[in-house]
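Chain by chain, the residues:
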Amino acid sequence: MKKSKAKSHVGIVVFLVVLVACIVGCFAYLAKKPGKDASSSSLSTVQTVLSRDLEGDYPPTPKEVLKYFTEIQKCFYNEKCTEEEIEQLGMKARELYDDELLAANETEFYLSQLKAEISTFKKNNRRINSVSVASSVNVDFFEMDGRECAKLQCAYSILNGGKSEILRQVYVLRRDENRRWKIYGWDLADNAAQ
């Protein structure tokens, strides 16, 4: 009798081990198998830019602030955005602006101007082909009114119909009370040199 009880315990243990292995195998198989809507679950360029949490992941340098700002701009001018997405992107851009720039551009006015500018840009068959932000060594740091500031240049390659043109802008950023670099303003490089 002892042999039959021992055989039944061994049989139960083997059965449970095989069952657990099957369950683990099924989960592993399903985890590796692409879902039916895997392509629809990937984020669009606009969604990726909008998903950045600036409260917890604010760009640490003037160059990084400007790189994120140009990603927003490329979404404005290159992507097919809904009106809601344009407004969301506009609000993301405003999170990068200095308080004085925000005060000079009331939200509703800013968004209506932005939408008009995007519409004109696209009607003229223009597109931002590429953006080149100045390297970190080309950032000019200075002090203005007791606040840390940085000036750097950004070059936009813009396709205008079939032709390419380079637009150079100079950006000035200023550190806020939280030590975050905020966009204070910008101008065409030719105007800034004068």
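Right above here is the structure, for reference.
Computed from a predicted structure; not experimentally measured.

(A) Representation of the overall build of the protein within the structure. Scanning the protein from N- to C-terminus turns up eight helices and five strands. Tracing the protein from N to C terminus, the helices and strands come up as α-α-α-α-α-α-α-β-β-β-β-β-α. Looking at the protein as a whole, 31% of its 194 residues are labelled buried. A separation threshold of at least 6 residues defines the contact pool for the protein, and within that pool the share at least 24 residues apart is 55%.

(B) Broad picture of the environment of Leu54. Checked against the element boundaries, Leu54 lands in the loop between helix H3 (45-50) and helix H4 (62-78). In this structure the C-alpha to C-alpha distance between Leu54 and Lys92, which are 38 residues apart in sequence, comes to 8.3 Å.

(C) Representation of the packing of helix H5 (residues 83-95) against helix H7 (residues 107-123) in the model. Two elements in contact, H5 and H7, have axes whose closest approach is 10 Å; the angle formed by their N-to-C orientations is 120°. In terms of their interaxial angle, H5 and H7 are classed as oblique. As for how H5 packs across H7, the hand of that crossing is right-handed. In contact with Glu83, Ile86, Glu87, Gly90, Met91, Ala93 and Arg94 of H5, H7 contributes Thr107, Tyr110, Leu111, Leu114, Lys115 and Ile118. For the contact of H5 with H7, a count of residues per class yields seven nonpolar, two polar and four charged.

(D) How the structure looks around the packing of aromatic side chains. Under the counting rule described, the total for this entry stands at nine aromatic pairs. Ring geometry for Phe69 versus Tyr171: centroids 6.0 Å apart, planes at 75°, classification edge-to-face. Within this pair, whereas Phe69 is found in helix H4, its partner Tyr171 is found in strand S4 (residues 163-175), the two being separated by 102 residues in sequence. A residue is classified by how much of its surface remains accessible, and Phe69, at 2% relative accessible area, is buried.

(E) Here's a closer look at H5. When the terminal C-alpha atoms of H5 are compared, their 19 Å separation across 13 residues agrees well with the 18 Å that a helix rising 1.5 Å per residue should span. Listing the buried residues of H5 in full gives Glu85, Ile86, Leu89, Gly90, Lys92, Ala93 and Arg94. Buried residues belonging to H5 abut H3, H4, helix H6 (99-104) and H7.

(F) Region of the structure containing unusual backbone geometry. For Asn125, which is not glycine, the phi dihedral falls at a positive 55°. As for its placement among the helices and strands, Asn125 is situated in the loop between H7 and strand S1 (126-133). One non-glycine residue with positive phi stands out, namely Asp145, at about 55°. Relative to the helices and strands, Asp145 is located in the loop between strand S2 (140-144) and strand S3 (147-160).

What counts, and at which threshold
Residues numbered from 1 in each chain as written. Predicted model: local features only at pLDDT ≥ 70, side-chain atom pairs only at ≥ 80, totals over all residues. Heavy atoms only, no water. Helix = DSSP H or I, 4+ residues; strand = E, 2+ residues; numbered from the N terminus. Buried < 20%, exposed > 50% of the residue type's maximum accessible area, 1.4 Å probe, protein only. Contact = heavy atoms within 4.5 Å. Axes fitted to C-alpha atoms, helices over the stretch in contact; angles between N-to-C directions. Parallel < 35°, antiparallel > 145°, perpendicular 65-115°, else oblique. Left-handed = near helix turned anticlockwise from the far one by under 90°. Nonpolar A, V, L, I, M, F, W, Y, C, P; charged D, E, K, R; others polar. Phe/Tyr/Trp six-rings, centres within 6.5 Å; stacked < 30°, edge-to-face > 60°. Expected span 1.5 Å × (residues − 1).

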